[in-house]
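Listed below, chain by chain, are the residues.
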Amino acid sequence: MAQCYDIEYLRELARQSRIDVIKMLEAAKSGHPGGSLSEIEILVALYGHVMKHDNDNINMKDRDRFVLSKGHGIPGLYAVMANLDYWPREDLLSLRTVNSRFQGHPDRVRLPGLEASTGSLGQGLSIAIGYALASKLDNDAYRVYCVIGDGESQEGQIWEAALSAPKFKLDNLVCILDYNKGQIDGFVKDVMPLEPIADKWKAFGWHVIKVDGHDIDELIRAFEEAASIKGKPTFILADTVKGKGVSFMEGLIDWHGVAPNKEEAEQALKELGA
Amino acid sequence: MAKYSLRHAFAEALVDLGKKYPNLVALEADLQDSTQSIQFMKAFPERYIQVGIAEQNMMGIAAGLALSGKIPVTHTFACFASMRACEQVRTSIAYPKLNVKIFVSHCGVSAGTAGTSHHAIEDIAIMRAIPNMTVIAPGDAREMRQAAEAAIRYDGPAYVRVGAGEAEDVYTETHHFEIGKATVLRDGNDATIISTGQLMYEAVCASDELRKQGKKIRVLQMGTVKPIDREVILEAAEETGFIVTIEEHNVVGGLGGAVAEVAAEIGKAKVRRLGIQDRFSPVGTAAYILGEEMLTINDIIVSLLEFVKE
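Residues numbered from 1 in each chain as written. Chains lettered and ligands numbered in written order. Predicted model: local features only at pLDDT ≥ 70, side-chain atom pairs only at ≥ 80, totals over all residues. Heavy atoms only, no water.

S.K.: Any details on the sheet that holds strand E11 (residues 217–221) of chain B? Residues and values, ideally.
M.R.: Residue and element names in this part refer to chain B. One open sheet holds the five strands; their spatial order is E9-E11-E10-E13-E14, and the pairing between them is mixed. Looking at strand neighbours, the two that pair on one side only are strand E9 (183–186) and strand E14 (270–276), the edges of this open sheet. Neighbour-to-neighbour, the strand axes of this sheet turn through a mean angle of 25°, independent of strand direction. Bridging between strand E10 (residues 191–195) and strand E13 (residues 242–250) involves four bridges; their strand directions are parallel. (Pairing = 2+ DSSP bridges. Helix = DSSP H or I, 4+ residues; strand = E, 2+ residues; numbered from the N terminus. Axes fitted to C-alpha atoms, helices over the stretch in contact; angles between N-to-C directions.)

In structure tokens form, the structure reads like this:
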């Protein structure tokens, strides 16, 4: 039942996307490297294999929907989608410039192909629930994926949403937590602890799966498991590293929202084999 | 004249519209009797989404439904939609210009003795300041029914505001609601009253009373506060020189503010704003509060007579 996929191709997609993230942020001189790099494998597993979507037909009716609730991680999604031919990779360098389609936080009006305008934290999971409810109402087969952040999970609306999706039996909805453990002001465990996270989502009525958020195989298996679960939504707790892939960024809060300068970018690109 | 509850008028209209528009869905945040969304629930249980006491989540879900081609209609009180869920309305709904209809009941001071926490005297100002938002405040059942259909047919976010109580019928068969257009309820060139919501009844009564004394006061019902009908305000300023606005809302930023902004651009009319005078509304019956806040027929007449002396 599991569809086969080319893991080398997906790993290469992740590597190339990381390179693009670094180039974009360096060009923009601002943005969020930490959370853009921690989410890459999640996005690659989804867009590179799991999700049904078509870059030539972005409004395809039965496409799976993806909502990046942690909107500041959008450079990661811009990069993955560019590498899947949604838009030219060179256009990414216009990140955060005047009139660019590639805003600092996602704007679906400017950039069709994105499924939601987010950026104000805590709002995306509710939007994803709206998509999932519509899919059920219309007896459509599409599935809905939403990536939230750990710092973001301090917003009350996340828990309103968490409470409601099981009530609506949204087995077509998967919420993925990019658990990179950092936020602007420090470590999540110090700013406002979230643990025990898995227990909380279980208690709210979700099917919970824990994975290594940088292991594409594990992620794909989790998405396949989620698709087999009936009557309840799935929560994937993806253990990730902030700034993953760049040695001097990994695990450091300082890289939450600071762009690399020229020398730092060169070093990062070298590490990524650019 | 007959009276009718605007909540009920909206709910009945929504059931009719539900038959016409299969993609219309209703969302409720645990106030189904108060908002009367219970009527839609009974007619279309499969298209009714009860989210519990979670207005922020409701607005986000509505955004997702709109993104999927539905026409979601959210139901809650004005204070909660405009303040508790304000940023969700702004960022999840208005920013991407999604086709969500935010129906709110118990606007102004109509929640009465429930207390100031349940009054909404800030919501027009808040919603008016959000780009892409349309703000509608019908004044009687006929206008409400027409506004409900207009809001559903309109492609974009709309905030529809009604009170908790009954509204006196004012609209005749010749009156017609259109988004962005004021309705001329009375002609006259001596002065103008501009109303919104159900205080249009008081406006018309004040005009009729003064007409008996030979003073012809124009009455404009601003059923849409945003986009505001600039043309009729400019005409009224030019032709009558004095405009009294009346609303169940703070005088800061509401109808009075909107009218004054337009009138000031040509500087040809004085504008007097009747409404809640920038203080938290007192607690009591709605009628008591309107009296306390000088929003009665007599208060309008007194305001007009200060200008129209001769």
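S.K.: A description of the interface of chain A and chain B should follow, citing residues and the corresponding values.
M.R.: On the chain B side, the residues contacting the 24 residues of chain A number 23 residues. Here chain A meets chain B over a buried area of about 1,900 Å², counting both sides, of which 56% is carbon and sulfur. The largest per-residue losses of area from chain A upon contact with chain B belong to Gln123, Leu137 and Glu160 of chain A, which jointly make up 27% of the total buried on that side. Here Lys70 of chain B makes a salt bridge to Asp138 of chain A, at a shortest N to O gap of 2.4 Å. (Contact = heavy atoms within 4.5 Å. Buried area = accessible area lost by both parts, 1.4 Å probe. Salt bridge = Lys/Arg side-chain N within 4 Å of Asp/Glu carboxyl O.)

S.K.: Tell me about the sheet that holds strand E2 (residues 144–149) of chain A, and please be specific about residues and values.
M.R.: All names here are of chain A. The parallel open sheet is built from five strands, whose spatial order is E1-E2-E3-E7-E6. For this open sheet the edge positions go to strand E1 (65–68) and strand E6 (207–212), each flanked by a neighbour on one side alone. Shown here is a sheet whose adjacent strand axes are inclined to one another by a mean of 20°, direction ignored. Bridge analysis of strand E3 (residues 173–179) against strand E7 (residues 234–239) gives six bridges, and the strand direction is parallel.

S.K.: Go over the pattern of salt bridges, please, and point to the residues and values.
M.R.: Residue and element names in this part refer to chain A. Across all of its chains, the model carries 30 salt bridges over all chains by this definition. For Asp140, the salt bridge goes to Lys61, with nearest N and O atoms at 3.1 Å. Of this pair, Asp140 sits in the loop between helix H5 (124–137) and E2 while Lys61 sits in the loop between helix H3 (40–50) and E1, and the two are 79 residues apart along the sequence. Classification of Asp140 by relative accessible area gives partly exposed; the value is 23%. The exposure class of Lys61 is exposed, given its relative accessible area of 58%. Here the residues in one salt-bridge network are Glu8, Arg11 and Asp217, joined through shared partners. (Buried < 20%, exposed > 50% of the residue type's maximum accessible area, 1.4 Å probe, protein only.)

S.K.: Requested: an account of the domain arrangement of chain B, with residues and values cited.
M.R.: Where interface size is quoted, it is often the accessible area lost as the parts come together. Residue and element names in this part refer to chain B. In terms of domain boundaries, chain B breaks down into domain 1 (3–168) and domain 2 (183–307). Spacing between the C-alpha centres of domain 1 and domain 2 amounts to 25 Å. Taken together, the contacts link 35 residues of domain 1 with 35 residues of domain 2. Buried area between domain 1 and domain 2, summed over both chains or domains, comes out near 2,400 Å², and the portion from carbon and sulfur atoms is 57%. In this structure, Glu261 engages Arg128 in a salt bridge whose closest nitrogen and oxygen atoms are separated by 2.8 Å. Between the two partners, domain 1 and domain 2, sit 21 residue pairs in polar contact (both at pLDDT 80 or more). Those elements that provide at least two residues to the side of domain 1 that touches domain 2 are helix H7 (123–128), strand E6 (134–136) and strand E8 (166–168). (Domains from an automatic or database assignment. Polar contact = N/O pair within 3.5 Å; in protein donor to acceptor, adjacent residues only side chain to side chain.)

S.K.: How would you sum up helix H11 (residues 255–266) of chain B? Please name residues and give values.
M.R.: Residues and elements named next belong to chain B. An ideal rise of 1.5 Å per residue puts 16 Å on twelve residues; H11 measures up with 18 Å between its terminal C-alpha atoms. Taken residue by residue, H11 has Leu255, Gly256, Gly257, Ala258, Val259, Val262 and Ala263 as its buried positions. Against the buried residues of H11 lie H7, E10, strand E12 (224–226), helix H10 (230–240), E13 and E14. (Expected span 1.5 Å × (residues − 1).)

S.K.: Go over the packing of helix H6 (residues 156–167) of chain A against helix H4 (residues 55–67) of chain B with me, naming the residues and quoting the values.
M.R.: Running from amino to carboxyl end, H6 of chain A crosses H4 of chain B at an angle of 70°, the nearest separation of the two axes being 8 Å. In terms of axis orientation, H6 of chain A runs roughly perpendicular to H4 of chain B. On H4 of chain B, the residues touching Gln157, Glu160, Ala161 and Ser164 of chain A of H6 of chain A are Glu55, Gln56, Asn57, Gly60 and Ile61 of chain B. By residue class, the composition of the contact of H6 of chain A with H4 of chain B is two nonpolar, five polar and two charged. (Parallel < 35°, antiparallel > 145°, perpendicular 65-115°, else oblique. Nonpolar A, V, L, I, M, F, W, Y, C, P; charged D, E, K, R; others polar.)

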